Amino acid sequence: MSILIYTEHQEGKFKKNSLEAISYGVAIATQAGTEAYALVAGSTSATLSDLGNYGVKKVFHVATDNNNLSDTKFMSALVAQVAQEQQTDLVIFSNTLSAKGIAPRVAVKLKAGMISGAVALPDTSNGFIVKKNVFSGKAVTEIKVLTTKKVITLNANAYELKETGGSAEVINLNPTLPASSITITGVNKTAGEIPLAEAERVISGGRGLKGPEHWGMIEELAKLTGAATACSRAVADAHWRPHHEHVGQTGLAISPNLYFAVGISGAIQHLAGVNRSKTIVVINKDPEAPFFKAADYGIVGDAFEVMPKIIQAVKDLG
Ligand SMILES: Cc1cc2nc3c(=O)[nH]c(=O)nc-3n(C[C@H](O)[C@H](O)[C@H](O)COP(=O)(O)OP(=O)(O)OC[C@H]3O[C@@H](n4cnc5c(N)ncnc54)[C@H](O)[C@@H]3O)c2cc1C
C-alpha cells in the first residue's frame, strides 16, 4: 500500500501540522515497507520538492484556484480521486479545521475506515490499531481499523516533525473535478496573529484578569514568546476577547507544547480543550483553583504582580 498525505499550505509556507502528518506517514510507510507521497492542491510559492526533506519520495500537485481549498466537497473529490488513481490504501491529514470537513467525505468515497485525532503511530502487530483521545482527552482508546483502505487525521503536536534531507519528485496531476459549489466573496485576515489551532505556545487569560483593558500583559508575553493568545469562555462571553480565542469543550481544542493560563479557574469544560497540551503553566491567586491539579508548573499569586516579573524575566533572556 502507498500512503498519501494531504499537505496544507498558507501564505507560501507548508503548515507545520501538515509536515508532522508527513513525518507520521513516512514512519508508517517505513514500518510497512512502502512509500509515502504528499498531495498539494492549489498554488503556493513554497517549493514542492522541498517536502522531500520530510521523507516523501513524490509530491502530487493538483493546480486549482486556492478558493477551492475551502470547499470541502470539492476537496474531498480531489483527494479521493488522487488516492484512487494512485492506489493509495492510507490517506493521512493533519486534524485541522479544513481536514475535519474533508477527511470524513474522503473516507466515505473510498469506503475507508476512519480514525480522527490519532495520537500515535498505528500498532500493526495484529491488524491496524490506532490510539486516539476520547472523553475530552481524559482517556485514550485503541481502535482497530478493519477496512483495507483507511483515513487518519493526526492531532497537532502528536507526532514530532522529522527532517530527513532529500528532495521529492513533483508530479502534476489533472484529475476531473466537479465545479466548486461555493463562492468566496472576501477573506478577512488578522495581520500578524499566530493561528491558535497551530500555535506551539499559547498564552491564555481568564476572568481573573478583571477586564479587557488588562490584556496588554497577555499580548506582550505572547509577542515575546512567539505565542498565540487564547481565553476562557467566560471572557469571550463577556466580549473581552473575540470568540475565536475561546478554548475548551465548546471552543477550540488545542494541544500546544506550552499552555500558559493566567487567572483561569480550570473548570472541567475549559480543561477539555487544553489538557492535551504538553506543558501547562498556571498562575492563579487561589491555591485551591482546580487548574493546579492539571498543571505541570503552578504559581500561586496575583497575576498583576507575577506577570510583569515574568515579562521582565523573558526580556532579560534577550
Ligand atoms: C456546557 C458548558 C460548556 C462550557 N464550555 C466552556 C469552554 O469551552 N471553555 C471555557 O473556558 N469554559 C467553558 N464553560 C464555562 C466554565 O464552566 C467556566 O465557567 C469558565 O471556564 C470560567 O472561566 P474563568 O476561569 O476565566 O473564570 P472564573 O471561574 O471566574 O475564574 C477566574 C479565576 O481567576 C482567579 N483569579 C482572580 N483574580 C486573580 C488574580 N488577580 N490573579 C490570579 N488569579 C486570579 C480566581 O481565583 C479564579 O480561579 C462551559 C460551561 C458549560 C456549562
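Along each chain, numbering runs from 1 in the same order as the chain's sequence is written. It should be noted that, the model being predicted, local features are given only for residues of pLDDT at least 70 and side-chain atom pairs only at 80 or more, the latter also being counted only at that level, while totals for whole chains, interfaces and linings use all residues. As a rule here, side-chain values come from all non-hydrogen atoms in the structure, and water together with hydrogens is ignored.

Undergrad: Which residues make up the overall build of the chain, and what are the values?
TA: Secondary structure is summarised from DSSP: a helix means a run of H or I of at least four residues, a strand means a run of E of at least two, and numbering begins at the N terminus for each. The helix and strand inventory of the chain stands at eight helices and 16 strands. Over its C-alpha atoms the chain spans a radius of gyration of 21 Å, differing by no more than 12% from the 20 Å that the globule rule assigns to 318 residues. If one aligns the C-alpha atoms of the chain with their principal axes, the spans along those axes are about 60 × 45 × 35 Å. Per-residue burial over the chain gives 48% buried out of 318 residues. The criterion used for residue contact is that any of the two residues' heavy atoms lie within 4.5 Å. For the chain, contacts bridging at least 24 residues in sequence account for 63% of all contacts bridging at least 6. As a reference, a globule follows 2.2 Å times the number of residues to the power 0.38, and the radius of gyration itself is taken over C-alpha atoms. Note on classification: 1.4 Å probe, protein chains only; a residue is buried when its accessible area is under 20% of the maximum for its type, exposed when over 50%, partly exposed between these limits.

Undergrad: How would you summarise the site of the ligand if you had to cite specific residues and measurements?
TA: Around the ligand, the surrounding shell holds 26 residues, and the nearest of these are Ser-232, Thr-250, Ser-265, His-270 and Asn-284. Within the contact set of the ligand, an oxygen atom lies 2.8 Å away from a side-chain nitrogen or oxygen of Gln-269. The method behind every accessible area is Shrake-Rupley, applied with a 1.4 Å probe, and residues are considered shielded solely by the protein chains displayed. Contact with the protein chains removes 76% of the 990 Å² of surface that the ligand exposes when unbound. Those elements giving two or more residues to the shell around the ligand turn out to be helix 5 (233–237), helix 6 (268–274) and helix 8 (303–316). Here the residues of the shell around the ligand are counted per class, giving six nonpolar, 14 polar and six charged. We define proximity as follows: a residue is near a molecule or strand when any one of its heavy atoms falls within 4 Å of that partner. Throughout this description, a polar contact denotes any pair of N or O atoms lying within 3.5 Å of each other; where both atoms belong to protein, one of them has to be capable of donating a hydrogen while the other can accept it, and for residues adjacent in sequence the pair is counted only when both atoms sit in side chains. Just so you know the grouping, Ala, Val, Leu, Ile, Met, Phe, Trp, Tyr, Cys and Pro go in nonpolar, Asp, Glu, Lys and Arg go in charged, and all remaining residues, Gly too, go in polar.

Undergrad: Which residues make up the pattern of salt bridges, and what values go with them?
TA: We define a salt bridge as a side-chain nitrogen of Lys or Arg found within 4 Å of a carboxyl oxygen belonging to Asp or Glu. Considering all chains together, one arrives at nine salt bridges under this definition. Glu-8 is paired through a salt bridge with Lys-15; the nearest N and O atoms lie 3.1 Å apart. Taken individually, Glu-8 and Lys-15 each receive the classification buried, so the pair is uniform in this respect. Beyond isolated ion pairs, a larger network of salt bridges with shared partners links Glu-8, Lys-15 and Glu-198.

Undergrad: Go over the environment of Arg-207 with me, naming the residues and quoting the values.
TA: Locating Arg-207 in the fold gives a position in the loop between strand 12 (201–205) and helix 4 (216–225). Once residues within four sequence positions are removed from consideration, Arg-207 is found in contact with Ser-232, Ala-234, Val-235, Trp-240 and Gly-263.

Undergrad: Got a sec to walk through unusual backbone geometry? Specific residues and values, please.
TA: With a phi close to 50°, Gln-87 is a non-glycine residue in the positive phi region. Among the secondary structure elements, Gln-87 is positioned in the loop between helix 2 (72–85) and strand 6 (88–94). Look at Gln-87 and you get exposed, because its relative accessible area is 61%. At His-239, a position not held by glycine, the phi torsion is positive, near 65°. With respect to the secondary-structure elements, His-239 resides in the loop between helix 5 and strand 14 (258–262).

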